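So the chains spell out like this:
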Amino acid sequence: MTWQINLFAITYFFSAALILAVIVFSFQHIQVRGARYFIYLSLSVEIWALFMGLEYGVVEPTWKIIFGKIQYLGIATIGVTWLMFALDYSRRNKWLTRRTLAFCWLFR
């Protein structure tokens, strides 16, 4: 695997490190309303930023495709985790049932 460090890769790696710091800080304040779902949202963004940086940093097309597919896991989960966070933070916990979340994850 050949690496080509460029400004795009460095920017995404810096963003991933910053998001990781936010996740660690959020774990320290887990009792705050919405913190658990905010961590889920941050993990989705972390996956997206980290693998986007890896995609920009690698040269071979095979690895670019692999990293692009892995970053899609982060991209695809952002919408549902944002909804979970917004519902919990706005005190609409009655919407956060297993059935509703399963429906959201199924049709994201």
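Use the structure listed above.
Residues numbered from 1 in each chain as written. Predicted model: local features only at pLDDT ≥ 70, side-chain atom pairs only at ≥ 80, totals over all residues. Heavy atoms only, no water.

1. Things to note about the packing of helix H1 (residues 7-28) against helix H2 (residues 35-57)
Packing of H1 against H2 leaves a shortest axis separation of 8 Å and a crossing angle of 160°. Overall, the two elements H1 and H2 adopt an arrangement that is roughly antiparallel. Handedness of the crossing formed by H1 with H2: left-handed. The class makeup of the residues in the contact of H1 with H2 is 20 nonpolar, four polar and one charged. (Axes fitted to C-alpha atoms, helices over the stretch in contact; angles between N-to-C directions. Helix = DSSP H or I, 4+ residues; strand = E, 2+ residues; numbered from the N terminus. Parallel < 35°, antiparallel > 145°, perpendicular 65-115°, else oblique. Left-handed = near helix turned anticlockwise from the far one by under 90°. Nonpolar A, V, L, I, M, F, W, Y, C, P; charged D, E, K, R; others polar.)

2. Comments concerning helix H3 (residues 61-89)
Here H3 contains 29 residues, and its C-alpha end-to-end distance of 41 Å stays within 8% of the 42 Å for a straight helix at 1.5 Å per residue. The largest bend in H3 is about 40°, located at Ile-78. Backbone geometry just downstream of H3 places Arg-91 in the positive-phi region, at approximately 65°. (Expected span 1.5 Å × (residues − 1). Bend = angle between axes of the 7 residues up to and from the residue.)

3. Some remarks on the packing of aromatic side chains
Following the criterion strictly, the structure yields nine aromatic pairs and no others. Ring plane angle 45° and centroid distance 6.0 Å describe the contact between Phe-51 and Phe-67, whose orientation is recorded as tilted. With Phe-51 in helix H2 and Phe-67 in helix H3, this pair connects stretches of sequence that are 16 residues apart. For Phe-51, a relative accessible area of 19% corresponds to the buried category. (Phe/Tyr/Trp six-rings, centres within 6.5 Å; stacked < 30°, edge-to-face > 60°. Buried < 20%, exposed > 50% of the residue type's maximum accessible area, 1.4 Å probe, protein only.)

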